[in-house]
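Chain by chain, the residues:
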Amino acid sequence: MSSQTELRRREVLRAIVADYVSSQEPVGSKALVERHNLGVSSATIRNDMAVLEAEGFITQEHASSGRIPTEKGYRLFVDSISKVKPLSKAEHRAILEFLEGGVDLEDVLRRSVQLLSQLTRQVAVVQLPTLQTSQVRHCEVVQLADVRLLVVIITDTGRVEQRNVELAAPIDPNQVSALRDLLNRTMAGKTLSDASASIADLAANAPADVRDIVIRCSTVIIESLIDKPNDRLILSGASNLTRSGLHGRLPSTLPNILDALEEQVVVLKLLSAVQDLDQVRVSIGEENEDEELRGTSVVSTGYGTAGAILGGLGVVGPTYMDYPGTIASVAAVAQYVGRVLGDG
């Protein structure tokens, strides 16, 4: 078979995917000839469709119906996308302005999934920064009363944890300042897990006159940094699944997908596997390891600052999603999340 014939059949497949994504209706040869400038006769198109079906890229639901893409067909389509259509300048500006309005890390990420769900009309998900990547930027200690302190931990990703510490005896204001300096020397610039280990060592080796205070503060800090679940997921647009056609086409699958999104574990595992800030990953149908997501496609990428991945971000939707548009939206939002966090 000539390369020209192969390229034409790829064009036929792309046309079938485009029409099916747009209408969710099986696509016939007549419609392809009418809608796309393929430069060949309807008979040639029918022959190409027969070959594509024999090779497993498209299938026929009923004997008299047109064709629809298979997961193999979507994979070939996605792999053949050489250039994703960029978002418009207005869309880029709107994304940046909306994200810049976030008051802290969690607000920026919440806004990011709201945007993604609106842009793609799918379910958008983002993983909060993981324990391994966040670093302590500063530790503040405030005296609330003679025997009560407020310890505030601020990370480089904008996460803020604050806890009260009850003391056994009144503390001198000069001791508060010294304690603040000691905690910052011990934790600043370290990952949360490393900072917790350093704080544990500090408590074990603190000077006798402040040992009880340090132990009490260290206990609270370790509980705050380690014991609190850190792998949380923010989600937006779950209702889009019921409007996307999954509800009608895959009624037995939809509850499993919604359960997986609600339980978070499956999606968090998938987002945690993202290891690249600049590459968008597309996982289609059966390519998803977890059974709950095998009726969907997942488009994901990493977000972060200064080359460091803070977490994963993406969308979950039907296999017949608009892949070029979704890939462009996921890439753009992730890029701007990194820019906003980096400026923060």
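Look up a bit, the structure's there.
Residues numbered from 1 in each chain as written. Predicted model: local features only at pLDDT ≥ 70, side-chain atom pairs only at ≥ 80, totals over all residues. Heavy atoms only, no water.

Moving on, we get to the pattern of salt bridges. As enumerated under the stated definition, the model contains 14 salt bridges in all. Here Asp19 makes a salt bridge to Arg35, at a shortest N to O gap of 3.2 Å. Of this pair, Asp19 sits in helix H1 (residues 3-23) while Arg35 sits in helix H2 (residues 29-35), and the two are 16 residues apart along the sequence. A residue is classified by how much of its surface remains accessible, and Arg35, at 54% relative accessible area, is exposed. For Arg111, the salt bridge identified is with Asp107, shortest N-O distance 3.5 Å. Separated by 4 residues within a single helix, Arg111 and Asp107 lie in helix H6 (residues 105-120), roughly one turn from each other. Taken together, the shared-partner salt bridges in this structure form one network comprising Arg8, Arg9 and Asp48. (Salt bridge = Lys/Arg side-chain N within 4 Å of Asp/Glu carboxyl O. Helix = DSSP H or I, 4+ residues; strand = E, 2+ residues; numbered from the N terminus. Buried < 20%, exposed > 50% of the residue type's maximum accessible area, 1.4 Å probe, protein only.)

Okay, the side chain of Thr186 next. For Thr186, the position within the fold is in helix H7 (residues 173-187). Thr186 gets classed as buried once you look at its relative accessible area, which sits at 12%. Other than its neighbours up to four places away in sequence, Thr186 contacts Ser198, Ile199 and Leu202. (Contact = heavy atoms within 4.5 Å.)

The next thing to look at is the sheet that holds strand S8 (residues 281-284). Pairing between the strands of a sheet is mediated by backbone hydrogen bonds and can be parallel or antiparallel. Ordered by their spatial adjacency, 5 strands build an open sheet running S7-S3-S10-S9-S8, and the pairing between neighbours is antiparallel. Only two strands of the sheet have a single partner each, and these edge strands are strand S7 (233-236) and S8. Along the sheet, successive strands turn relative to each other by an average axial angle of 20°, direction set aside. Where strand S3 (residues 123-127) and strand S10 (residues 308-318) come together, 4 bridges link them in antiparallel fashion. (Pairing = 2+ DSSP bridges. Axes fitted to C-alpha atoms, helices over the stretch in contact; angles between N-to-C directions.)

Right, let's talk about the packing of H1 against helix H3 (residues 42-54) for a bit. The geometry of H1 relative to H3 is characterised by a closest axis approach of 10 Å and an angle of 85° between their N-to-C directions. Viewed along their axes, H1 and H3 adopt a mutual orientation that is roughly perpendicular. Taken together, the residues of H3 that come into contact with H1 (itself represented by Arg8, Arg9, Val12, Leu13 and Ile16) are Thr44, Ile45, Asn47, Asp48, Met49, Val51 and Leu52. Per-class residue counts for the contact of H1 with H3 are 7 nonpolar, 2 polar and 3 charged. (Parallel < 35°, antiparallel > 145°, perpendicular 65-115°, else oblique. Nonpolar A, V, L, I, M, F, W, Y, C, P; charged D, E, K, R; others polar.)

Strand order across the open sheet formed by 3 strands is S4-S5-S6, with antiparallel pairing between neighbours. Each edge of the sheet is formed by a strand with only one pairing partner; in this case those strands are strand S4 (136-145) and strand S6 (160-166). Between one strand axis and the next, the sheet turns by 20° as a mean value, whatever way the strands run.

Another aspect to go through is the packing of aromatic side chains. This structure, assessed with the given rule, holds 3 aromatic pairs. Residues Tyr20 and Tyr320 carry aromatic rings whose centres are separated by 5.8 Å and whose planes lie at 80° to one another, so their mutual orientation is edge-to-face. Here Tyr20 is found in helix H1, whereas its partner Tyr320 is found in the loop between S10 and helix H14 (323-343), with 300 residues between them in sequence. Of the two residues examined, Tyr20 and Tyr320, each falls in the buried class. Centre to centre, the rings of Tyr74 and Tyr323 are 5.7 Å apart; their planes meet at 50°, and the pair counts as tilted. Of this pair, Tyr74 sits in helix H4 (residues 71-79) while Tyr323 sits in helix H14, and the two are 249 residues apart along the sequence. Following the ring pairs from residue to residue traces out a cluster consisting of Tyr74, Phe77 and Tyr323. Over the aromatic face of Phe57 sits the side chain of Lys72, whose NZ or CZ is 4.7 Å from the ring centroid. Taking NZ or CZ as reference, Arg111 lies 4.7 Å from the ring centre of Phe98, over its face. (Phe/Tyr/Trp six-rings, centres within 6.5 Å; stacked < 30°, edge-to-face > 60°. Lys NZ or Arg CZ within 6 Å of the ring centre and 35° of its normal.)

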